[in-house]
Amino acid sequence: MSETVAFAVQGPFDLAASIQFLEGFTPAGRPDAGRHRGTLALAFPAAPSWRPVGVRLRQGGDTVLTEIDAHPDDVGPAAEHARRILSLDVDGTGFAALDDPHVARLRQEHPGLRPVLFHSPYEAACWSVIGHRIRIVQAAAIKQRMAERLGDRVGGLASFPGPERLLTVTDVPGLPPVKIERLHGIAHAALDGDLDADRLRAMETAQALVELQRIPGIGLFSAELILIRGAGHPDVFPASERRLHDEMAHEYGLHDPSPARLAAIAEAWRPFRSWVALLLRARRELETAEIARGRRVTR
């Protein structure tokens, strides 16, 4: 079934900026995102059925039109997934009014860019396990091969396998048995509803992070990633993101600041701390390509 849904955009947003981000930011893993000019195509398993869906998005002013290929019961959930993936489920009107000159400069450097998320907290959790203690470019390649080998194709794109399919997997080239076991634990958590995006965002941040760390293999760094880039929480300051902290120190002219000092600075970013952090990370990768090159950069 194919159906078109219109999303109203509240606040600055540019789909072209989202596409450029997907093409250039290695963890996003979509160098082909801009192959159809002005259109972003995605394929993913949509909760709660976890059947594969395909969406094609294009922008016209303050509206994003989304063509959805899905089972009739999955059209609504797929639309909500798509809105969340592009952070269109958040009213961004206040983002342009944040009173911090550093944030203003970042907005000018990346006009209309909002966080572009993993397709779901489930997929973000899988990414965190796949990428643990290996290079990000290597992890991105493994994740893509899993989609091509184990997932379904929708609209010419390979969808990452849903949790039920993942539970049948006993071997993935490049992943040791302990990671397969942890991926199975994530699949069970997804099927049990523990990785539901709305549920995670409705919790107090500290409680959500505690809940996520109960999943085997998920530590604080991964829990923050799942909450921010999986569930799409707009206002979390990542306490464990070393690259972000380094970039903040560079931007604000600080020498070896403590995480508490950086968190205090980020208070001025409320209620869009996740959004500002994304702009800092995007700027850092654009200028250094440290992830793509697999090396640490000191700014």
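Provided above is the structure to which this section pertains.
Throughout what follows, the structure given in this document is the object of discussion. (Residues numbered from 1 in each chain as written. Predicted model: local features only at pLDDT ≥ 70, side-chain atom pairs only at ≥ 80, totals over all residues. Heavy atoms only, no water.)

Before going further, it helps to examine the pattern of salt bridges. In a structure, side chains of opposite charge can pair up when their charged atoms sit close to one another. Throughout the structure, instances matching the rule amount to 19 salt bridges. Ionic pairing is found between Glu211 and Arg199, a salt bridge with its closest N-O pair at 3.5 Å. With Glu211 in helix α9 (residues 205-212) and Arg199 in helix α8 (residues 197-202), this residue pair connects regions lying 12 residues apart in the sequence. The closest approach of N and O atoms between Asp235 and Arg273, which form a salt bridge, is 2.9 Å. Of this pair, Asp235 sits in the loop between α10 (220-230) and α11 (242-252) while Arg273 sits in helix α13 (residues 273-288); the two residues are 38 residues apart in sequence, bridging distant segments of the chain. Grouping residues by exposure puts Asp235 and Arg273 together as buried. Linked through salt bridges whose partners overlap, the residues forming this network are Arg105, Glu109, Glu247, Glu251, Arg283 and Arg284. (Salt bridge = Lys/Arg side-chain N within 4 Å of Asp/Glu carboxyl O. Helix = DSSP H or I, 4+ residues; strand = E, 2+ residues; numbered from the N terminus. Buried < 20%, exposed > 50% of the residue type's maximum accessible area, 1.4 Å probe, protein only.)

With respect to the helices, strands and loops of the structure, Leu42 is situated in strand β2 (residues 39-46). Given the relative accessible area of 4%, Leu42 is considered buried. Here the alpha-carbon distance between Leu42 and Pro163, two residues 121 residues apart in the chain, equals 18 Å.

Note: β2 against strand β3 (residues 51-60), 8 bridges, orientation antiparallel. Each residue of the ladder has a partner; that of Ala46, found in β3, is Arg51. The antiparallel pairing of β2 with β3 creates a hairpin that spans 4 residues between the two strands, and Trp50 there sits at a positive phi of about 65°. Count of turn residues in the β3/strand β4 (residues 63-69) antiparallel hairpin: 2 residues, of which Gly61 carries a positive phi of about 65°. (Pairing = 2+ DSSP bridges.)

Moving on to the packing of aromatic side chains. Tallied over the full model, the rule gives 7 aromatic pairs. On the numbers, 5.1 Å between centres and 65° between planes, the contact of Trp50 with Tyr122 is edge-to-face. Pair noted here: Trp50 is in the loop between β2 and β3 and Tyr122 is in helix α4 (residues 121-130), with a separation of 72 residues, a long-range link. Taken individually, Trp50 and Tyr122 each receive the classification buried, so the pair is uniform in this respect. Sitting above the plane of the Phe7 ring, Arg83 keeps its charged end 5.9 Å from the centroid. We note Arg107 situated over the ring of Phe95; from NZ or CZ to the ring centre the distance is 5.8 Å. (Phe/Tyr/Trp six-rings, centres within 6.5 Å; stacked < 30°, edge-to-face > 60°. Lys NZ or Arg CZ within 6 Å of the ring centre and 35° of its normal.)

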